[in-house]
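A closer look at the structure
These are the residues of each chain, in order.
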Amino acid sequence: MSPTSPANPGCPTRRLTTAQALVAFLARQYTERDGRRQRLISATWGIFGHGNVAGIGQALMEAGGGRSGGGGNGGAGNGAAHRMPYLQGRNEQAMVHAAVGYARQSGRLSAHAVTTSIGPGATNLVTGAALATINRLPVLLLPGDTFATRPADPVLQQLEVEYAGDVSVNDCLRPVSRYFDRITRPEALIPAALQAMRVLADPAGTGAVTLALPQDVQAEAYDWPEEFFAERDWHVRRPAPDPHELEAAVRAVRSARRPLIVAGGGIRHSAAEETLAAFTAATRIPVASTQAGKGALRHDHPADVGGIGHTGTATADELARTADLVIGIGTRFSDFTTASGTLFANPAVRVLHLNITGFDAHKLAALPLVADARAGLEALTAALAGRGYRVDPAYETEYTGAKEAWEERVEESFATPDPTARPTQTQVLGLLDALVTEDDILINAAGSLPGDLHKLWRTRSRDQYHVEYGYSCMGYEIPAAIGVLLAAEGRTPRRPVWALVGDGTYLMNPTEIVTAVQENLPLKLVVLQNHGYASIGGLSESVGAERFGTAYRHRDADGGFTGPPLPVDLAANAASLGMRVLRATTVDDLRTALSEARDAGGPTCVYVETETPDTVSGPPPAQAWWDVPVAETASRPAAVKAREEYDRQVAARRRHL
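Definitions and cut-offs
- Once a new chain begins, its residue numbering starts again from 1 and follows that chain's sequence as written.
- Given that the model is predicted, a residue must reach a pLDDT of at least 70 before its local features are reported, and side-chain atom pairs must reach 80 or more before they are shown or counted; all residues, however, enter totals for whole chains, interfaces and linings.
- Here the side-chain values reflect all heavy atoms present in the structure, with hydrogen atoms and water set aside.
- Helix numbers and strand numbers start at the N terminus; a helix is a DSSP run of H or I with at least 4 residues, a strand a run of E with at least 2.
- Between buried and exposed lies partly exposed: a residue is buried under 20% and exposed over 50% of the maximum accessible area for its type, with that area taken using a 1.4 Å probe on protein chains only.
- Here, residues are in contact when the closest pair of their heavy atoms is within 4.5 Å.
- Candidate patch residues must exceed 30% relative accessible area and have no salt bridge, after which like charges are joined if within 9 Å and Val, Leu, Ile, Met, Phe, Trp or Tyr side chains if within 5 Å.
- The accessible surface values rely on the Shrake-Rupley method and a 1.4 Å probe; as for residues, cover is taken only from the protein chains in view.
- Each salt bridge in this description consists of a side-chain nitrogen of Lys or Arg and a carboxyl oxygen of Asp or Glu lying within 4 Å of one another.
- We call a set of buried residues a nonpolar core when its members are Ala, Val, Leu, Ile, Met, Phe, Trp, Tyr or Cys and they connect through side-chain atoms within 4.5 Å of each other.
- For two strands to pair, DSSP has to find at least two bridges joining them.
- To pair, rings of Phe, Tyr and Trp, with the six-membered ring standing in for Trp, must have centres within 6.5 Å; the planes then decide the type, stacked if under 30 degrees apart, edge-to-face if over 60, and tilted in the middle.

Some thoughts on the side chain of His466
Its place among the elements puts His466 in strand S20 (residues 465-467). The exposure class assigned to His466 is buried, which follows from its relative accessible area of 0%. Setting aside anything within four residues of it in sequence, one finds His466 in contact with Gly101, Arg104, Arg268, Ile441, Leu442, Ile443, Asn444, Tyr476 and Val484.

Pasting the structure below:
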């Protein structure tokens, strides 16, 4: 007969370590939305050290261990449905990036956990946690911690704080987590685990969740109530708009003559793309997109006018400057979107913001419509249906004509008149554009590529465009692609997943290539070698810093970095990590290599050295300003001139009150 819980007399218990109980609990948590049910935590990434090897590591081994959950009964009654697959990473930050890529591709309905030892393993989580929380994407972090019982003080890798005995390096994760708890007693896990699941499944409050686990508590046994291990469904709600806010939104739309929708990532998270298309079909309001919202409409949808803001299209930005109503849907209205407060220039402009969080819905002194994106759009469409609203045909003709003109600029940027020449970065994108279908997924995060992609890429499906620009984190792309591939497993044929990186980003975090090789994941990695930080180099020049410290070159006689390019062979590096590598030197070479990589069944790298766009076609320049402060006093002419331009631009900034 099973023992019973002292807290719940009559309730049978199971004796497990804290780590075993946590893993068994996680394997029984599910999300449900729109009738679709799936595991909330479908796998756990881990790198083991003294802070988690005998706790979470041992528990994962018993709980299945393999990528598909094979083997072991978990010591906790694990059946096949309740095994916990384990994924082996090489860098703790990269494991979080992979988990974030998985969560985004899974529509935030399924997530991964990440376990590390104490010390540097735990602090390496901070960047990934910040990225997850800023982008509102769920990931569960399980860092090891120092002893709760303090049998020896300090232990290896312990941070000693003279004024507080209960501080550890894991406290670095507090400001970048949506929920944080340190489990200093086994029984404290029960309320903390439930709170962690609540936050992970909360569409308005999700992000990184941290449960810091002292290493002695992980291995400590406890009589857990069987109720703790019952399957539990977490409903992902779709809150509807308040009737008063909805009526105010209807009045705002009906009175607008030049409305513009700014589509953000909330549309994707809510799976509201078809609802948005129905709304635009009824109203003919044009749709511009943020980096996270690109793909809300296909590129060839009549109402899609492309990216907005500093990296946006001329079409979208001109519409934004003259709009009398800006309708934000699921966006954070970052400075790139608003051109640092200079883009929405119409003196009479108002902002209406449909967002699932009140915090975001009130930005720019907006008229708030707090609701799930799909539920809010459905309500707004229905409320407008009987009132005969549609934009003036002349306005529709204006933006569709401007869209056609921009498309000509895209074609010019993608053109490859000399197939024997070295390609530019935009020509690389053009060759990819000609190759991919709606099945392909492109992943990028930092450097000059996000700007080119936002302006030029022709998105063919709701999830094709995967650019992380909330944190714009170099090193995200390769591990995120692994997460996306894991989320897309089981689909036949397998979807081609491309990670696009420059040399600067590649050097930040290439380690998960080994993971892709180990798992035989058909990652398509495109490495563009341009010998430095191209994006920051251009920014540096524009603000009078003269590209200082942005080139990867030998030092010159004066100590600067203007010598020959460094003899770094990134293709050889990728090959040394186990990838098949295809080198391309010309446009024709690249076209062939990209096609071969797309058909490859294993991890494949395409390496190409790109030409600078100084002498050949390049991307259109920025269509809107971005505020990067310029030195107010300087002796060098470049900085003086840049400050004059800065003062001119900043004068156009306004606060929306």
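That shown, we press on.
Focus on a nonpolar patch on the surface
A grouping of Leu507, Leu566 and Val568 is seen on the molecular surface, where their side chains present a nonpolar patch of about 220 Å² in accessible area. Among the structural elements, Val568 can be located in the loop between helix H21 (534-542) and helix H22 (570-576).

Observations regarding the nonpolar core
One finds Trp45, Val114, Leu141, Tyr506 and Leu525 to be the most contacted residues of the largest nonpolar core, which totals 52 residues. Ranked by residues supplied to this core, first place goes to helix H18 (residues 477-487) with 7 residues. For Leu141, the residues in contact, after removing those within four places along its chain, are Val96, Val114, Leu125, Ala129, Leu173, Ala208, Val209, Thr210 and Leu211. Ranked by size, the runner-up nonpolar core spans 51 residues in total, among them Leu297, Ala339, Ala373 and Tyr399.

With respect to the pairing of strand S3 (residues 36-39)
For strand S2 (residues 29-33) and S3, the ladder comprises 4 bridges, and the chain directions are antiparallel. Residue pairing across strands places Thr31 opposite Gln38, the latter belonging to S3. A loop of 2 residues connects S2 with S3, the two strands running antiparallel in sequence, and Asp34 in this loop sits at a positive phi of about 55°.

Details of the packing of aromatic side chains
In this structure the tally under the stated criterion is 11 aromatic pairs. Ring geometry for Phe48 against Tyr86: centres 5.4 Å apart, planes inclined by 25°, an arrangement best described as stacked. Separated by 38 residues along the polypeptide, Phe48 in the loop between strand S4 (41-46) and helix H2 (53-62) and Tyr86 in strand S6 (residues 84-88) bring together distant segments of the chain. Judged by relative accessible area, Tyr86 falls into the buried class, the value being 17%. When the centroid spacing of 5.2 Å and the interplanar angle of 70° are considered together, the rings of Phe336 and Tyr469 count as edge-to-face. In this pair, Phe336 sits in helix H12 (residues 335-338) while Tyr469 sits in the loop between S20 and H18, placing the two residues 133 residues apart along the sequence.

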